[in-house]
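Residue-level structure breakdown
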Amino acid sequence: MDRALVSAIAHRRHPVAAPVSDESVHRLLTELEPEMPSDAPRLLDLGCGSGEWLRGALRLLPAWEGVGVDVSAPALDEARRRAGDDRGLRDRVRWERADAAAWSGGRFDVVICIGATHAFGGLAPTLEALRRHLLPGGRVLLGEGYWEGTPSQAALDALGAAPGELPDLPGLMAEVARHGYEPGFGHLSTAAEWDRYEWSWTGSLVTWALEEADDDERTEALGIAREHRRQWLEGYRGHLGFATVVLHDTGRGH
Ligand SMILES: C[S@@+](CC[C@H](N)C(=O)[O-])C[C@H]1O[C@@H](n2cnc3c(N)ncnc32)[C@H](O)[C@@H]1O
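Counting from 1, residues in each chain are numbered in the order their sequence is written. Only residues with pLDDT of at least 70 are given local features in this predicted model, and only at 80 or more are side-chain atom pairs given and counted; all residues enter the totals for whole chains, interfaces and linings. The side-chain numbers reported here are obtained from all heavy atoms of the structure, hydrogens and water having been left aside.

**What to know about the overall build of the chain**
- Helix and strand content of the chain: nine helices and seven strands.
- As a reference, a globule follows 2.2 Å times the number of residues to the power 0.38, and the radius of gyration itself is taken over C-alpha atoms. Here the chain has a C-alpha radius of gyration of 18 Å; the compact-globule value for 254 residues is 18 Å, and the two agree.
- Each principal axis of the C-alpha distribution contributes one length, and for the chain these read about 55 × 45 × 30 Å.
- The classification of residues rests on relative accessible area computed with a 1.4 Å probe and restricted to protein chains. Under 20% of the type maximum is buried, over 50% is exposed, and intermediate values are partly exposed. The buried share among the 254 residues of the chain stands at 48%.
- Each accessible area is a Shrake-Rupley result for a 1.4 Å probe, and residues are judged covered by the shown protein chains and nothing else. On the chain, roughly 12,100 Å² of surface is accessible, and the fraction owed to carbon and sulfur atoms is 50%.
- Taken together, the 27 basic and 40 acidic charged side chains of the chain have centroids lying 3 Å from each other. Starting at the N terminus, helices and strands are each numbered in turn, a helix being any DSSP run of H or I of at least four residues and a strand any DSSP run of E of at least two. For the charge count, each Lys or Arg is scored as positive and each Asp or Glu as negative, with His and the chain ends excluded. Here the site of a charge means atom NZ of a Lys, CZ of an Arg, CG of an Asp or CD of a Glu.

**Structural notes on the packing of aromatic side chains**
- Any two of the Phe, Tyr and Trp rings considered here, Trp counted by its six-membered ring, make a pair once their centres fall within 6.5 Å; the pair's planes then place it as stacked at under 30 degrees, edge-to-face at over 60, or tilted in between. On inspection of all chains with the given rule, the structure shows three aromatic pairs.
- On the basis of an interplanar angle of 90° and a centroid distance of 5.1 Å, the ring pair of Trp199 and Trp232 is categorised as edge-to-face. Pair noted here: Trp199 is in helix H8 (residues 191-211) and Trp232 is in helix H9 (residues 215-236), with a separation of 33 residues, a long-range link.
- Assessed through its relative accessible area of 1%, Trp232 is described here as buried.
- Against the face of Phe108 rests Arg42, its NZ or CZ located 3.9 Å from the ring centre.
- Charges are assigned to positions over rings by a cutoff of 6 Å between ring centre and Lys NZ or Arg CZ, combined with an angular limit of 35 degrees from the ring normal. Positioned above the aromatic ring of Tyr181 is the side chain of Arg131, whose terminal nitrogen or guanidinium carbon lies 4.5 Å from the ring centre.

**Considering the pattern of salt bridges**
- What makes a salt bridge here is a side-chain nitrogen of Lys or Arg within 4 Å of a carboxyl oxygen of Asp or Glu, nothing more. Tallied over the entire structure, the rule returns 15 salt bridges.
- A salt bridge links Arg55 to Glu52; its shortest N-O distance comes to 2.4 Å. In this pair, Arg55 and Glu52 are both assigned in helix H3 (residues 52-60), three residues apart and thus about one turn of the helix distant.
- Arg55 sits in the buried class, given a relative accessible area of 2%.
- The structure contains a network of salt bridges with shared partners spanning Glu52, Arg55, Glu78, Arg81 and Arg82.

Shown next as structure tokens:
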């Protein structure tokens, strides 16, 4: 099965593709508006998925316009469908299918990038790329994984990660500061948010496999759900953290 389709099915029961509850998403979005937004303020979401963060932000900022960028056609179809149902929103948002690392479209007051640093080759290149899209004094909403302590081999294997590929939390904050950002409000996903996210992921895929898929897809989808559940429960559960942080541009990188 196509990975983008698997991901679209797996996220049916969880509005964002990150271990963050609706309440935490809302709380973070209320912190995004910079002190002095431009005359025609704009938001950019790189790796927007089905667009939940961007739509939520635009609902809170009714004079703003937004652009969501992602490579996944099914995720963008879902983003368009959900925005199309919202009359106050559909004329203020554009969805573009593109590689976020290569995309360009001017500078924005706020740039969102949640769970998508792999699109840029890691945290440091992501922070560099985000700055190229950000107006001076703007804000970034960054969502990134980190290790809670030294990861076990099982946790590394589950993510297919090399030691050092993900930072710990102090390392994440230090990297952000090195790129000229000051962390403002932030949220560390709780164990309950993680469990809810992973049960939603595997459960949505299982339900689809058993109730909607044809015979070939059923076997494959069940295999993917079982493997994901195993990697979570035997591998990274309790070891992998997720931080979503509002970053204020101080303009003083490196
Ligand atoms: C974990 S999901 C997060 C989606 C969304 N930010 C959210 O939190 O709901 C990662 C997203 O990055 C997208 N992605 C991966 N590589 C990308 C690339 N090179 N350019 C743009 N998007 C990419 C995936 O299609 C997926 O939608």
